[in-house]
Amino acid sequence: QVQLVESGGGLVQPGGSLRLSCAASGSISSINAVGWYRQAPGKQRELVAFIPSGGITNYVDSVKGRFTISRDNAKNTVYLQMNSLKPEDTAVYFCYAEIKRYGFPTRGYWGQGTQVTVSS
């Protein structure tokens with residue numbers, strides 16, 4: 001079994017910051033690509049930031065210069081630092097990871113989501 005557990009969401013005023021964390025646990029052999037997605041009410045889930053395996057980190061245009069994705073391989077954890085938050089960033093944020101379990105092929109896993117609300 002593999003679990004992705006997110007934390008760090010909450011209510012913040014416009015212009016504020018939050019740091020989301022996503023910790024993977026279980027019988028993990030390796031973690032390849034990782035990313036953060038979000039889904040606002042009435043909208044489709046969208047990619048926010050992504051670190052591909054051996055590739056270049058990429059961001060959706062609306063968060064470039066404000067959000068930073070990073071990973072700590074020793075802790076099997078991926079982070080999303082969100083600065084200069086705007087009301088339109090309000091959404092449920094989900095982490096995603098491509099994980100190789102011992103004895104199983106690589107597949108994608110999703111976290112349960114964490115709510116981020118930007119409001120005064």
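Residues numbered from 1 in each chain as written. Predicted model: local features only at pLDDT ≥ 70, side-chain atom pairs only at ≥ 80, totals over all residues. Heavy atoms only, no water.

What to know about the overall build of the chain
Cut-off, in case you're wondering: In this description a helix means any DSSP run of H or I spanning at least four residues, a strand means any run of E spanning at least two, and both kinds are numbered starting from the N terminus. Both definitions apply: the radius of gyration is a C-alpha atom measure, and the globule rule equals 2.2 Å times residues to the power 0.38. Any two residues having at least one pair of non-hydrogen atoms within 4.5 Å are treated as being in contact. Charge assignment: positive for Lys and Arg, negative for Asp and Glu; neither His nor the chain ends contribute. Where a charge lies is defined by one atom per residue type, namely NZ (Lys), CZ (Arg), CG (Asp) and CD (Glu).
Along its length, the chain carries zero helices and eleven strands. The secondary structure elements of the chain, listed N-terminal to C-terminal, are β-β-β-β-β-β-β-β-β-β-β. For 120 residues, the compact-globule estimate of 2.2 N^0.38 gives 14 Å, and the chain sits close to it at 14 Å. Seen along its three principal axes, the alpha-carbon backbone of the chain occupies a region of about 50 × 25 × 25 Å. Within the chain, residue pairs in contact and separated by at least 24 positions form 55% of the contacts whose partners lie at least 6 positions apart. Positive and negative side-chain charges of the chain, numbering 12 and 7 respectively, have mean locations separated by a distance of 5 Å.

Quick word on the nonpolar core
Going by this rule: Think of a nonpolar core as a cluster: buried Ala, Val, Leu, Ile, Met, Phe, Trp, Tyr and Cys residues, connected wherever their side-chain atoms sit within 4.5 Å. For the exposure calls, accessible area comes from a 1.4 Å probe over protein chains only, and a residue counts as buried if that area is under 20% of its type's maximum, exposed if over 50%, partly exposed in between.
One finds Trp36, Leu80, Met82, Tyr93 and Ile99 to be the most contacted residues of the largest nonpolar core, which totals 30 residues. Secondary structure elements with two or more residues in this core: strand E1 (2–7), strand E3 (18–26), strand E4 (28–39), strand E5 (46–51), strand E7 (67–72), strand E8 (77–82), strand E9 (91–101) and strand E11 (114–118). For this core, the leading source of residues is E9, giving five residues. In this view, leucine 80 contacts Leu18, Arg19, Leu20, Trp36, Val48, Ala49, Phe67, Thr68, Ile69 and Tyr93; residues no more than four positions away in its chain are not counted.

Topic: unusual backbone geometry
Phi angles above zero are rare outside glycine, and asparagine 76 is one such case at about 50 degrees. Judged by its relative accessible area of 28%, asparagine 76 is partly exposed.

Geometric descriptors of this kind do not, in isolation, establish any biological role.
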